[in-house]
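Descriptive structure summary
For reference, the chains in residue letters:
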Amino acid sequence: YVDEGNNAKAIEEFKKALEINPKFTEVYNNLGVTYHEIADDKNAIAFLNKALEINPKYVDPYNNLGVVYDSLGDKEKAIIFWNRAIEVDPEYVKAYYNLGRCYLSLRRYKEAIALFEKTLEKNPHYVQAHFNLAIAYYNEKQYALAIKHCDEVIKSGYKMPPEILKSLEPYR
């Protein structure tokens, strides 16, 4: 039901699954994500925390709590959850990427760059990491590296903002 965009039905079915197995951590996580999609972040946080209460080694709820708190504007809390996700599973690529995006939005470019580079170390085909690296390097005035990552984005079939491409022309 989630894939069909029928969040109300998905929530109903997830709750039925919990009646059968009240320790089903993935269902709590999925409920949290689904509630976040309908902007009911109070329930999203409650269900994601319940998943962690049952299994503190389950990495997805940490990442998803980061997403929820970031969307609420609580960047510091989001950072805590993404760092915890990385602590629990150092191979969890999404957390590096999300943390990098958060630092980019805070204009903490050096930290963002390190996290996007780590994302690419773990998944060299993560186009969004190349995109955000281009922006971060551009803001750090490291134009050759910005161009390199712009080219990776374009090579992957995606577009960079024309104003960035135009401003990099003198450095090509």
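Placed above this text is the structure.
This write-up is about the structure you can find in this document.

So, the nonpolar core
- By size, the foremost hydrophobic cluster in this structure holds 58 residues, and its most contacted members are L31, L65, L99, L104, F116 and L168.
- A per-element tally of this core places helix 6 (residues 93–105) first, with eight residues.

Some points on the packing of aromatic side chains
- Across all of its chains, the model carries seven aromatic pairs by this definition.
- For the pair Y35 and F47, a centre-to-centre distance of 5.5 Å together with 5° between the ring planes defines the contact as stacked. Of this pair, Y35 sits in helix 2 (residues 25–37) while F47 sits in helix 3 (residues 41–54), placing them 12 residues apart in sequence.
- Between Y69 and F81, the ring centres sit 5.6 Å apart and the planes meet at 5°, which makes this aromatic pair stacked. A residue pair is termed long-range when its members are at least 10 positions apart, and Y69 in helix 4 (residues 59–71) and F81 in helix 5 (residues 75–88) qualify at 12 residues. In this pair, the class of Y69 matches that of F81, namely buried.

Section: the side chain of D70
- Tracing the backbone through its elements, the reader meets D70 in helix 4.
- Not counting the four nearest positions on each side in its chain, D70 is found in contact with K75, A78, W82, R101 and C102.

Topic: helix 2
- Along its 13 residues, helix 2 runs 19 Å from first to last C-alpha, staying within 8% of the 18 Å computed at 1.5 Å per residue.
- Those residues of helix 2 that are buried lie in contact with helix 1 (7–20), helix 3 and helix 4.
- Phi for A39, located one or two positions after helix 2, is positive at around 65°.

Thoughts on the packing of helix 4 against helix 5
- Two numbers describe how helix 4 lies on helix 5: the axes approach to 8 Å, and their chain directions differ by 165°. Put simply, helix 4 runs roughly antiparallel to helix 5. At the point where helix 4 passes helix 5, the crossing takes the left-handed sense. For the pair helix 4 and helix 5, the contacting residues are V59, Y62, N63, L65, G66, V67, Y69 and D70 in the first and K75, K77, A78, F81, W82, R84, A85 and V88 in the second.
- Here the residues of the contact of helix 4 with helix 5 are counted per class, giving 10 nonpolar, two polar and four charged.

Rules used in this analysis
Residues numbered from 1 in each chain as written. Predicted model: local features only at pLDDT ≥ 70, side-chain atom pairs only at ≥ 80, totals over all residues. Heavy atoms only, no water. Core = buried A, V, L, I, M, F, W, Y, C linked by side-chain atoms within 4.5 Å. Buried < 20%, exposed > 50% of the residue type's maximum accessible area, 1.4 Å probe, protein only. Helix = DSSP H or I, 4+ residues; strand = E, 2+ residues; numbered from the N terminus. Phe/Tyr/Trp six-rings, centres within 6.5 Å; stacked < 30°, edge-to-face > 60°. Contact = heavy atoms within 4.5 Å. Expected span 1.5 Å × (residues − 1). Axes fitted to C-alpha atoms, helices over the stretch in contact; angles between N-to-C directions. Parallel < 35°, antiparallel > 145°, perpendicular 65-115°, else oblique. Left-handed = near helix turned anticlockwise from the far one by under 90°. Nonpolar A, V, L, I, M, F, W, Y, C, P; charged D, E, K, R; others polar.

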